[in-house]
Amino acid sequence: MVVNMLSQLTSTLGSILFVLHIFQSYFPQRLQVFIDNNLKKFTSFFNPYIEITFHEYSGEGAKSNEAYTAIENYLCSKSTEQSIRLKADVLKDGRYMVLSMEDDEEVSDVFEGIKLFWSQLKTVPKIQAFSFNAAVTEKRHYKLSFHKHYSDRVSKNYLKHVLEKGKAIAAKNRQRKLYSNVSGQGYYGSKSTMWSHVVFEHPACFDTSAMDPIKKKEIMDDLVTFSQSKDYYARIGKAWKGGYLLHGPPGTGKSTMITAISNYLNYDIYDLELTAVADNTDLRKLLIETSSKSIIVIEDIDCSLEIASQRKKNKKKKEVKENKTSKEDEDDNKSSKVTLSGLLNFIDGIWSATGGERIIIFTTNYVEKLYEALIRSGRMDKHIELSYCNFEGFKILAKNYLGDAETCLENLIQALRTAKEEAKKKAEEEEEKSKAEEDRKQDEDEEEFEPLK
């Protein structure tokens, strides 16, 4: 009897699959969509559950979904208790590990007596674009299922609870990251490879920065004011962002200052290499992909793209364009076409308002080479000159390397005095020796001329 039931079931499934194949292969696409939509409406009358989907990326894949990240953090503890398959991430310099559920796993949750079900799903397009990174074409989302009777309480209370709890967990487990834009032509249109990142753990801080303490405190106060000025920027109708220009001779600590700012505010760093950006459109895409609480850095802005002389070069290119070979044209097409106008719009144009709480930092060794429009107030709000360290900075430097600054300075002064006394004594000895040698030579000369007299 069991064998007969299995054979009937197999036959029925085979018939259903055959009909589905015929339906998908020979029925018009519009008719398939029409039938599918009406079938879903029909089955919804008998399904008491509501489903809400949270995609990994929002805005047609242009920006990561904060709700997805918050849900992922919220479900970590529940995944550990209920899921069979888990994935692990190491956080905080390898000090502990966070577990989360793998794809196609499901966990349950209870809120105010309401039973809810979470599942993580992954979809892969039928037609895949070629990519070295498999994650590029994969789309993930969380699905929340619950009884329709509780829809009002879930939408108003539960989802708010999940987001708040998830953000709190994210703040606790937060690891600062150092991002770099990917070079090459292969990333266009791919949301997953616009930026690559590594965990950022650098010990530089303001306490160890060898600079004038008054100037240092002024910078730190300005950073704190900026990080607490969300309401202020909203009130005056400006995007919540700041601009810093760090300039000075090579080796005076501009990169160290950026790291100190990141550690002080706990911000991520986006190291933007302009020569790896194809054009102004991709520059905007990179801006959209940056998160809040971040620092966008363009180091050596004067030579990254040679902005100051770009207009002159464009004129020369037009004059010699007829003499170019096809290979030269191909190389020229591959080079960056980011313009000064595109960079200015990147800093404070319409697209710069996406997100918030971001600082843009330029560094340069030759501030006089930059356009005034690029570094004017409103774009670069604060100009910080980093020169060679003064006496106060030297004291900090001595403390960093040798310990107690006062004792080190006393030892240094004593060593200088001793060296000076030894040098003076040596000079006196050399002078006495030289004088004695001169007297000896004079005596010898007198003895030689004595018989002639």
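Rules of the game
- Throughout, residues of each chain are indexed from 1 in the direction in which the sequence is written.
- Whole-chain, interface and lining totals are the exception, using all residues; otherwise, since this is a predicted model, local features are given only for residues with pLDDT of at least 70 and side-chain atom pairs are given and counted only at 80 or more.
- The basis for the side-chain values is all heavy atoms of the structure; hydrogens and waters are excluded.
- What counts as a helix is a DSSP run of H or I of at least four residues, what counts as a strand is a run of E of at least two, and both are numbered from the N terminus.
- Partly exposed residues are those whose accessible area sits between 20% and 50% of the maximum for their type, while under 20% is buried and over 50% is exposed, using a 1.4 Å probe and protein chains only.
- The contact definition used throughout considers only heavy atoms, calling two residues in contact when any of these lie within 4.5 Å.
- Here, Shrake-Rupley sampling with a 1.4 Å probe gives the accessible areas, and only protein chains in the shown set may cover a residue.
- At least two bridges found by DSSP between two strands are what make those strands a pair.
- Fitted lines through C-alpha atoms serve as axes, helices being fitted only where they are in contact, and the angles separating the N-to-C directions of these axes extend from 0 to 180 degrees.
- Classification of ring pairs rests on two measures: the distance between centres of Phe, Tyr or Trp rings, Trp counted by its six-membered ring, which must be within 6.5 Å, and the angle between planes, read as stacked under 30 degrees, edge-to-face over 60 and tilted in between.
- For every residue, the predictor states its confidence as a pLDDT score lying anywhere from 0 to 100.
- Patch criteria: residues need more than 30% relative accessible area and no salt bridge. Like-charged residues are merged within 9 Å; nonpolar side chains of Val, Leu, Ile, Met, Phe, Trp and Tyr are merged within 5 Å.
- We count a salt bridge whenever a side-chain nitrogen from Lys or Arg sits within 4 Å of a carboxyl oxygen from Asp or Glu.
- This count recognises Lys and Arg as positive and Asp and Glu as negative, with His and chain-terminal groups excluded.
- Here the site of a charge means NZ on Lys, CZ on Arg, CG on Asp, or CD on Glu.

A. The arrangement of the overall build of the protein in detail. In terms of regular secondary structure, the protein is built from 16 helices and 15 strands. Each of the 453 residues in the protein was classed as buried or not, and the buried ones make up 32%. For the protein, the share of sequence-separated contacts (at least 6 apart) that also reach a separation of at least 24 residues comes to 69%. For the protein, the computed accessible surface area is about 29,600 Å², with 54% contributed by carbon and sulfur atoms.

B. Looking closely at the sheet that holds strand S13 (residues 294-298). Taking strand neighbours across the sheet as the criterion, the seven strands line up as S10-S9-S12-S13-S14-S11-S15 in an open arrangement whose pairing is mixed. Whereas interior strands pair on both sides, the edge strands pair on one side only; in this sheet they are strand S10 (195-199) and strand S15 (382-385). Across this sheet, the average inter-strand angle for adjacent strands is 20 degrees, counted without regard to direction. Note: strand S9 (residues 177-181) against S10, five bridges, orientation antiparallel. Within the sheet, the bridge partner assigned to tyrosine 179 lies in S10 and is histidine 197.

C. Quick look at the pairing of strand S8 (residues 139-147). Bridge count for strand S1 (residues 49-55) against S8 is seven bridges, and the pairing is antiparallel. Of the residues in S8, the one forming a bridge with isoleucine 52 is leucine 144. Where strand S7 (residues 114-123) meets S8, seven bridges bridge the pair, whose relative direction is antiparallel. Paired with tryptophan 118 across the strands is leucine 144, a residue of S8.

D. Representation of the packing of aromatic side chains in the model. The full count for this structure, using the stated rule, is 11 aromatic pairs. Judged by centre distance (5.3 Å) and plane angle (55 degrees), the rings of phenylalanine 111 and tyrosine 158 are tilted. Taken together, the residues phenylalanine 111 in strand S6 (residues 106-111) and tyrosine 158 in helix H5 (residues 151-173) connect sequence positions 47 residues apart. When the ring of tryptophan 118 is compared with that of tyrosine 142, the centres are 6.5 Å apart and the planes differ by 85 degrees; the resulting orientation is edge-to-face. Taken together, the positions of tryptophan 118 in strand S7 and tyrosine 142 in strand S8 put the pair 24 residues apart, joining distant regions of the chain. Classification of tyrosine 142 as buried rests on a relative accessible area of 1%. Clustering of aromatic rings is evident, with ring pairs tying together Phe54, Tyr68, Phe111, Trp118, Tyr142 and Tyr158.

E. The confidence of the model for the protein, seen in detail. Across the protein, pLDDT averages 80, with 80% of residues at or above 70. Within the model, pLDDT remains below 50 along residues 130-136, and this stretch shows seven contacts once partners closer than five positions in the same chain are excluded. Across residues 185-191, where pLDDT falls below 50, the model places 17 contacts with residues more than four positions away in sequence or in other chains.

F. Structural context of unusual backbone geometry. With a phi close to 55 degrees, lysine 293 is a non-glycine residue in the positive phi region. Its place among the elements puts lysine 293 in the loop between helix H9 (280-289) and S13. Looking at lysine 293, the relative accessible area reads 36%, which means it is partly exposed. Phi is positive for glutamate 357, close to 55 degrees, though the residue is something other than glycine. Locating glutamate 357 in the fold gives a position in the loop between helix H13 (340-348) and strand S14 (358-364).

G. Structural detail: a negative patch on the surface. Together, Glu428, Glu429, Glu430, Glu431 and Glu432 make up a region of like negative charge exposed at the surface. By the element assignment, glutamate 430 lies in helix H16 (residues 405-449). For glutamate 430, a relative accessible area of 44% translates into the label partly exposed.

H. Broad picture of the pattern of salt bridges. Applying the stated criterion across every chain yields a total of 14 salt bridges. We note a salt bridge from glutamate 105 to arginine 85, for which the minimum N-O separation is 3.3 Å. Placement of the pair is glutamate 105 in the loop between strand S5 (96-101) and S6 and arginine 85 in the loop between helix H4 (76-82) and strand S4 (86-91), with a sequence separation of 20 residues. Connected via shared salt-bridge partners are Asp103, Lys122 and Arg140.

I. Geometry of the pairing of strand S11 (residues 241-247). Burial runs high along S11: seven of the seven residues are buried. Every second residue of S11 is oriented toward a common face, with Lys241, Gly243, Leu245 and His247 on one face and Gly242, Tyr244 and Leu246 on the other, all of them buried. Bridge count between S11 and S14: seven bridges; the pairing is parallel. When the sheet's bridge partners are listed, leucine 245 is paired in S14 with phenylalanine 362. Pairing between S11 and S15: four bridges, direction parallel. Across the sheet, leucine 245 pairs through a bridge with histidine 383, a residue of S15.

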